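One letter stands for each residue in the lines below.
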Amino acid sequence: YKVLEYSMTEAFLGAGGLQQTGPPVAVALPVARSVTATSVNLEWTPTTRCTTGIGTTPCTAHTYQVQSRVTHDSSDFPVLGSNFSAMRETSQPRIVFEGLSAMSSYEVRVRAKTALNEAYGAWSESAFVKLTDSPPLLVATVVDFPVSMYNDRILLNWTAEANPKQSDRFYIKYGETEEDVTTFTNADGTLAVFTDDKVCSRVGSKMWCQAAVTGLQLDTIYYFQVFSGNVKGFEQSGSNFGISATLALPISPAVNFKLDRLVLSGNVSGFALDFSWERPFTWPRVTKYYLARRISGGQFSQFLTIASTEQVISVRAGNLLKGTEYGFRVHCGNQDGPRGFHVDAESDPTRTQIIDVTPVAVPGRSLITSAVVTNPDKNTMMKIDWQTPNAGDPATYFQLAYESCGTLLTPVCTGTITLYTGCTSSQIDCTLNPSCDPLIRTCNLPCAGATNEGPAASGQPCTFDARSGTIMGLEKSTFYRFYIYAGNTAGLGLVSQSFPIDLSNPNLVPKTFGLPASVTALVISSVTQTSVTMTWAPSSCVGTCIYLVTWDPPTPEGSNATGLKSTSYVHTVDFSSISTGYTYRVFTGDNSTGLYEDFGASVYLPRAATSFKVTVASRNSLSFSWIPDPLADTFQVLMSSGLAFRAASAETSSTVAKVQGLAEGLAFNFKVASRIAGRTPFEFIGSNVVRALPSDFAPPPSNLTVQATSASGIQLRWDQATAGPVRYKVEYREVVGGTSDAFGFPQDVEILAGGGLSTYITGLDGAKSYDFRVFAGSFRGYETGGSNILTGVQPVGVPKELSVRGVNRDSATIDWLPPTQGQVPRSYRIQYVLADLMTDIADVQHLGGNLATQSALVTPLQQASHTIRVFSRAQGGFYQPLGTQPVVVAPLIVPTGMRVISIGPHHISLEWDISPDVLTAPAFLVPVAFRVDFEQRATRAKNTTIEMSPETSTVTISNLETNTEYEFVLKAKSLSGTFQSALGQNPVIVTPQGAPSNLQVTGVSATSVSLAWEAPSQGILPASYDLVYIDVASGVRSMQSGIQHTYGFRAQQLYTLSHLTNGIRYSFSVQTRSATGGIGGSTTSLVATTTVEPPSNLQVSDVKPFSVALSWTPPPASAGQVVPSGYLIRITHVVSSASNDTALIPFGQTAFVATSLQSGSAYLFCLLAVAPTGDVIDANGPCRQSTPIGQPRTLRILSVTPSSVRLEWEAVSMGQAADSYVIVASDANTLREKSRTIVAAGGSIAQSVVSGLNASDVYEIKVYASRGNFVEPIGSNSVRVSPVGTARAPRLCSYAQTELTLQWEAPPSSHGIENPPSYRIGYRSAGCAEFGWQPCNGQMYSADIDHRGVASAVQSASIFGLAENMPLEVRVHSKNAITGEYDPVGSVAVTGTPRGDRSDFALGAGGAGFVMVAPVTDLERRDLFRVASVTVEAWVRFEAPGTAGTWGVAGK
């Protein structure tokens, strides 16, 4: 390659595209781990970075070189002029450097090189080592202590020799006298050793060290001594003694720190808080305090200092801002120490609790919007609604008040406003009054519904934090007006207007009801199969009472009867088969309004008892027991030999009864009836009927059921009403084709004491159905009635291994296996139990082979734990009753997307995604913990992690076997304690292997990314790698497989992934794959964005005093390519380095004005492109620095010479003034700069001469303002000029009505340039330009006037067609002979007015001028204007040498 073609890429990557690196960076400082008399054991941190052309890159050091140089001999005398000589090499970051001079001191250093580069890197810093076989001979020196600042610790300072360095560790002894010093130890009692690298710094030949001795007594003087050591031990002499003392600062906080009140301010500022606290009675004594303050959650700082020994201290914290959050606490101090307070405020033992407060003003007035009577007692309760104040500060609570307005037909208010307070024990409707009976009236909790409800609110104002509240305890049939106060920490605001304001319409004034009292003596008088009759005592009403009767549960006719005027009611029921308990309520109403009181009276008709049974039987008696309705209190056993029942026992309040005097061997039907004494008769239907006979034979069994089945057996169970039977006989028969054989196959079942009433029948055929019955037997034989017949029973096996595969927030998937023996079930029934509700789901058909796993989706689930079982259904349709072992399922939002993020030879790191739904979901659906279950795939050995918090999204599982396949499943724990995996989540199967590492992006283009990584360092070498890349925005995951591994462990692997889309953010990771296909370790992910074409050519297009305008070239928008979503401009203040980014600038915009800048300050503007991914990309080209500054104005030319131009302009007048101006003269055609002149600023009008110009050039000249090193780019207006000599001595020769004639002299010839070839005369209205001879409206020029005669000849010319009587300024402009440009300024101005009456001539100042009087030269008009006479008036100055002349008239 030629040098100029040797690209940067080639320099960095090499000809083969492989990265070439320089030598390693400097090695870290070596450390002496041990020394002997002739050797030192050195260690240092391995070098892992090498230099490159643009920085550093990872590399591995192959060889280390160690050098030494003797600095002191064995007597510790310096060795002058010694050089580094001894050299050792090692491949490890450690070496035993032997063969050194005994007992000498050495300087050692290390450097490194790689295997691929023979060049060594830089030397490390030097370490100094003293060779010795003994502890140090030199001792430390304790120097002046820092000022003591603590109660329990003291800082020590000491020095030790660093050249030669004999000590690298120290320990300290301390005590209250020099004789009783003890060793300072760690908390576990071990020697506290301070190493020099932790507590010392080197200054010249000394080590300066500092350490703290802690755990000391306060207010105590201590002596200290330091002992020096090295790897051989510690010297025994110790340093000199130092002395210092701990402080006696207070150790107890102030007592009862509280906020007393808020002092309001009428402004935003000026609020104050009054605090108080009490002095603690402890030692050390407190003599002063400081009040610490924090603002808006920031750090605490000292706010007020108070010196006081009073018992109660009060202080005002003022100058607070309204609406700002403050925190305050108190710290105690005294006169000890430099400040009298503890240094570390956050560990100060005297700090109090924090009082947080936000100063506010009281709220404005609230507005009550409604007041209506409310349940449960419209006679005494009103619900009030209101609006929060729309003025003042925000309210945090509200208090209600009311005013009674009488019970007349129209309201008449008392004028007394009563604040609503919690009820007291003297009020009959208060829960605090023992006489309050909740059966006949409401018993209210003090301030019920308010924020302070409860007994503590008794007699206290009730406070509400909502916008509605209920006032209780009002008088019935009374008008009221209501009021509300809004309050906050500043107190209560003004009371609201009354509600209502206007009392003229009584219908709009809130009034409590005057409903009648509840009825009394409500009873149920009779009950039949079809009716319940109730009666009550009438209530007291104004006029006729009406009544409302309700019942629960509802019946087909409804749930209430209204408008009753009778004091009895017959309710139609159906007690033919089911006993139902009814609750009846009767409410009294006002017939005139149709309204009913709220409380009512109630009575309950109990339902029948259950589980009625015989407990003991004898020849003449039977004993019974039952389970009653909880509200029933009176019972009676009834008996019947046919249809009608009669009393068989006396009424009893017990739940057992004995019926005696029965005939032996005669069967009767028995049941028990229930009632509530004094309120109801006996309920109609009674309990279950038991048929029993007084006999020594056992009564027959009942409720024969199947308890369980197997492939060839049936387990039966039955109930027995009495304890008499001692054995049972089971008979069964086969059912074939719908017909049954006779019962047979009797099997006796012995009942042992305490045994269960069940038996297991085996040897049955699973393809057949069976009927069963049971007979009870006593010592006298079997009874003959037998139990109920159990029909259609078929042996079928139990499903196995029911498990929950996964759940989500409303569903679960369950799996199970079919029975292992017998007939394959026809189908399965799924049953779940929720609380006490059991639900059977429709049958699930058996699918697949005899042992195929069965599955079902259970949905929807409630937000509760469900207990699920699965039951087999035999081919004949019989359901196996026992089912599987239950599993508990709870709907749950389980994390998803578990994936491997890191793999090592013995560990796996997993990560998962937690759904954002957990932030808003009901608590039951939110997991309370996670765990990961895992097992070896080959051995099925199972294990699990410990429980993890529900915020955890990663876990690392260690101690795994390398190259062994594992299966991992994430499970979440519900509130019910069950662990469940996610619905549809597959297990993660992965093999622990050595993981690749150090994944790096080595190159990025629009469609490709080049990556490099290191192979695993241990375990087994992978066969290949998978490169996983994910589109971060869409989540689309792709993988490039089969990237072959090269070389050995830790070898660098390279790969370029192509065919990507530009402007897309990709996440990359690399995972290993073994020869068997097992996925192993993975690198950490890194993100790279394929490039988007950035904008370019950022320019400063304009500068103003407080703004800078910028422009740029946008990137091309090619088809199929991603373009930036917009731009940012990063604006950095050059001096302060403070920077901020603009808002996003749309892609189509190519200009921006940065405003609100600080005038005169330098800013750096950098253009950035924002990719659709959010990545920020630097624009092509440099940033631009600019300073907001105004421009000079009104640049004008004052005069021109053949080599210079004199300029004048207005200085910068807005923002910061310029400190200088730059005049730039450019070629007018090419605009290439020709000269630059810098002029210091000064005054509002600036002038300068630009010299050294060339008469053969045409110049464009502008003036730019400059401040500091910045020159603004806009500048003033430009002026165009070509250097030329100026015509001299112009004079007006004559004038006529429309013409003027001038004479002038050519420019002087001394400049060495040709005379002008021609001239032109410029003329305009006198005074038309504000600043001298500058172009303005009305400027006119004559045609070119050739130079006539010799160079010095006087020139003359006339201009015609002028406006009569218009005063004109006239100048002569010379033409540059080379460039053809005219002098833009011209000669000195001559004034004249064309007119036809006379000629007034003005001679130019300076003499040498003359006036030539001539006739009118306008040939066309000469005949019209004949001159009759001419008057000449001349003013002549006479001047004698040395005397002043005078002016006078010379003549005519």
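Residues numbered from 1 in each chain as written. Predicted model: local features only at pLDDT ≥ 70, side-chain atom pairs only at ≥ 80, totals over all residues. Heavy atoms only, no water.

**Looking at the overall build of the protein chain**
Now for step 1: Across its full length, the protein chain carries 2 helices and 108 strands.
Now for step 2: Its C-alpha radius of gyration of 55 Å places the protein chain more than 25% over the 35 Å reference for a compact globule of 1452 residues.
Now for step 3: Each principal axis of the C-alpha atoms in the protein chain carries an extent, and together these give about 180 × 115 × 90 Å.
Now for step 4: Taking all 1452 residues of the protein chain together, 45% fall into the buried category.
Now for step 5: In the protein chain, 64% of the contacts between residues at least 6 apart in sequence involve partners at least 24 apart.
Now for step 6: Accessible area for the protein chain stands at about 70500 Å²; split by element, carbon and sulfur atoms hold 52% of it.
Now for step 7: Treating the 100 positive side-chain charges of the protein chain as one cloud and the 114 negative ones as another, the clouds have centres 2 Å apart. (Helix = DSSP H or I, 4+ residues; strand = E, 2+ residues; numbered from the N terminus. Rg over C-alpha atoms; globule rule 2.2 N^0.38 Å. Buried < 20%, exposed > 50% of the residue type's maximum accessible area, 1.4 Å probe, protein only. Contact = heavy atoms within 4.5 Å. Areas by Shrake-Rupley, 256 points an atom, 1.4 Å probe, with all protein chains shown as cover. Lys, Arg positive; Asp, Glu negative; His and termini not counted. Charge placed at Lys NZ, Arg CZ, Asp CG, Glu CD.)

**Looking at a negative patch on the surface**
Now for step 1: A cluster of acidic residues, Glu176, Glu178, Glu179 and Asp180, forms a negative patch at the surface.
Now for step 2: Within the secondary structure, Asp180 is located in the loop between β12 (169-175) and β13 (182-183).
Now for step 3: Accessibility expressed as a relative area gives 40% for Asp180, which makes it partly exposed. (Patch = residues over 30% accessible without salt bridge, like charges linked within 9 Å, V, L, I, M, F, W, Y side chains within 5 Å. Salt bridge = Lys/Arg side-chain N within 4 Å of Asp/Glu carboxyl O.)

**Let's talk about the layout of surface pockets**
Now for step 1: Estimated volume of the largest pocket: approximately 1000 Å³.
Now for step 2: Lining the largest pocket we find 31 residues, and of these Pro58, Cys59, Thr60, Leu116 and Gln1052 sit closest to its centre.
Now for step 3: Within the residue set of the lining of the largest pocket, elements represented by two or more residues are β4 (55-58), β74 (997-1004) and β78 (1052-1057).
Now for step 4: For the lining of the largest pocket, the per-class residue count stands at 13 nonpolar, 16 polar and 2 charged. (1 Å grid on protein atoms, 1.4 Å probe; cavity = no way out; pocket = protein on both sides within 12 Å on 5 of 7 lines; lining within 4 Å. Points joined across faces, edges and corners; volume = space filled by probe spheres on them. Nonpolar A, V, L, I, M, F, W, Y, C, P; charged D, E, K, R; others polar.)

**Considerations on the state of the cysteines**
Now for step 1: On inspection of all chains with the given rule, the structure shows 8 disulfides.
Now for step 2: One disulfide in the model links Cys423 with Cys430; its S-S distance is 2.2 Å. Its S-S torsion of approximately 65° makes the covalent link between Cys423 and Cys430 right-handed.
Now for step 3: Accessibility expressed as a relative area gives 9% for Cys423, which makes it buried.
Now for step 4: Each disulfide pairs two cysteine sulfurs, and for Cys1166 the partner residue is Cys1183, the sulfurs being separated by 2.1 Å. Because the torsion about its S-S bond is 115°, the bridge between Cys1166 and Cys1183 counts as right-handed. (Disulfide = S-S within 2.5 Å.)

**Topic: the sheet that holds strand β36 (residues 531-537)**
Now for step 1: Pairing is antiparallel across the open sheet formed by 3 strands, whose spatial order is β35-β36-β39. Strands with a single pairing partner mark the edges of an open sheet, and in this sheet they are β35 (520-527) and β39 (568-572). Each strand axis lies, on average, 20° off the axis of its neighbour in the sheet, ignoring direction.
Now for step 2: In this sheet, β39 lies alongside β36 in antiparallel orientation, the contact comprising 5 bridges. Looking at β39, one finds that Thr535 is bridged to Ser568. (Pairing = 2+ DSSP bridges. Axes fitted to C-alpha atoms, helices over the stretch in contact; angles between N-to-C directions.)

**Digging into the pattern of salt bridges**
Now for step 1: Counted under the stated rule, the structure contains 48 salt bridges.
Now for step 2: Between Glu1208 and Arg1196 there is a salt bridge; the shortest N-O distance is 3.0 Å. Taken together, the residues Glu1208 in strand β92 (residues 1204-1210) and Arg1196 in strand β91 (residues 1193-1201) connect sequence positions 12 residues apart. Here the two residues Glu1208 and Arg1196 agree in accessibility, since each one is buried.
Now for step 3: Each of Arg829, Asp840, Asp843 and Arg873 takes part in a single network of salt bridges with overlapping partners.

**Digging into the side chain of Lys288**
Now for step 1: Position of Lys288 among the secondary structure elements: in strand β22 (residues 288-295).
Now for step 2: Salt bridges are absent for the buried Lys288, whose nearest opposite-charge side chain, Asp336, sits at 10 Å.
Now for step 3: Side-chain polar atoms of Lys288 contact the backbone oxygen of Arg339, separated by 2.9 Å.
Now for step 4: Excluding residues within four positions of it along the chain, Lys288 makes contact with Ile306, Ala307, Ser308, His331, Cys332, Gly333, Asn334, Gln335, Arg339, Gly340 and Phe341. (Polar contact = N/O pair within 3.5 Å; in protein donor to acceptor, adjacent residues only side chain to side chain.)

**A short note on the sheet that holds strand β28 (residues 382-387)**
Now for step 1: A sheet is described by the order of its strands in space; here 3 strands give the open sequence β27-β28-β32, paired in antiparallel fashion. At either end of the open sheet lies a strand with only one pairing partner, and these are β27 (367-373) and β32 (468-471). Within this sheet the neighbouring strands show an average axis-to-axis angle of 25°, counted without direction.

**A closer look at the nonpolar core**
Now for step 1: Counting residues in hydrophobic clusters, the biggest one holds 46 residues, and the most contacted among them are Phe1165 and Leu1207.
Now for step 2: When neighbours within four sequence positions are excluded, Leu1207 is seen to be in contact with Leu1195, Arg1196, Ile1197, Leu1198, Ile1223, Ala1246, Gln1247, Ser1248, Val1250, Ile1261 and Val1279.
Now for step 3: If you look at the next biggest cluster of nonpolar residues, it comprises 37 residues, including Leu892, Val894, Met898 and Val990. (Core = buried A, V, L, I, M, F, W, Y, C linked by side-chain atoms within 4.5 Å.)

**Thoughts on the environment of Ile428**
Now for step 1: With respect to the element layout, Ile428 can be found in the loop between β30 (418-419) and β31 (463-464).
Now for step 2: C-alpha of Ile428 to C-alpha of Asn186: the two residues are 242 residues apart in sequence and 70 Å apart in space.
Now for step 3: Other than its neighbours up to four places away in sequence, Ile428 contacts Asn433, Ser435, Cys436 and Arg441.

**Brief notes about the packing of aromatic side chains**
Now for step 1: One pass over the structure, following the stated rule, counts 48 aromatic pairs.
Now for step 2: The structure contains a cluster of three or more aromatic residues connected by ring pairs, namely Phe257, Phe275, Trp277, Tyr289, Phe303, Tyr326 and Phe328.
Now for step 3: Above the face of the Phe300 ring, Arg329 is positioned so that its terminal group lies 4.1 Å from the ring centre.
Now for step 4: Seen from the ring of Phe645, Lys671 lies directly overhead, with NZ or CZ sitting 4.4 Å from the centre. (Phe/Tyr/Trp six-rings, centres within 6.5 Å; stacked < 30°, edge-to-face > 60°. Lys NZ or Arg CZ within 6 Å of the ring centre and 35° of its normal.)

**Quick word on unusual backbone geometry**
Now for step 1: Of note, the amide linkage connecting Asp552 to Pro553 takes the cis form, showing an omega dihedral of 5°.
Now for step 2: Along the chain, Pro553 falls in strand β37 (residues 545-555).
Now for step 3: Its identity as a non-glycine residue notwithstanding, Ser477 has a phi of 55°, on the positive side.
Now for step 4: We classify Ser477 as partly exposed; its relative accessible area is 25%.

**Comments concerning the pairing of β12**
Now for step 1: Burial within β12 is extensive, with 5 of its 7 residues counted as buried.
Now for step 2: Judged from the 2 bridges that link them, β12 and strand β14 (residues 194-195) form a sheet pairing that is antiparallel. Bridging across to β14, Phe170 finds its partner in Phe194.
Now for step 3: Looking at chain direction, β12 and β13 are connected through 2 bridges and run antiparallel. Bridge pairing in β13 links Tyr174 to Thr182.
Now for step 4: Linking two consecutive strands that pair antiparallel, namely β12 and β13, is a turn of 6 residues.

**Digging into the pairing of strand β7 (residues 94-97)**
Now for step 1: Of the two faces of β7, the one lined by Ile95 and Phe97 is fully buried and the one lined by Arg94 and Val96 carries no buried residue.
Now for step 2: In this structure, strand β2 (residues 40-43) lies alongside β7, joined through 4 bridges in antiparallel fashion. Residue pairing in the sheet places Glu43 in a bridge with Arg94 of β7.

**A word on the confidence of the model for the protein chain**
Now for step 1: Put simply, the protein chain has an average pLDDT of 85, and 91% of its residues get 70 or more.
Now for step 2: Counting contacts from residues 1398-1426, a segment whose pLDDT is below 50, to residues more than four positions away or on other chains yields 33 contacts.
Now for step 3: Overall, residues 1442-1452 carries pLDDT values under 50, and its contacts beyond four positions in sequence, including any with other chains, amount to 12 contacts. (pLDDT = per-residue confidence, 0-100.)

**Side note on the environment of Val1108**
Now for step 1: One can find Val1108 in strand β83 (residues 1107-1113).
Now for step 2: Sequence separation between Val1108 and Asp629 is 479 residues, and the spatial gap between their C-alpha atoms is 90 Å.
Now for step 3: Not counting chain neighbours up to four residues away, the residues in contact with Val1108 comprise Val1100, Asp1102, Val1103, Phe1152, Val1153, Ala1154, Leu1157, Phe1165, Ser1186 and Pro1188.

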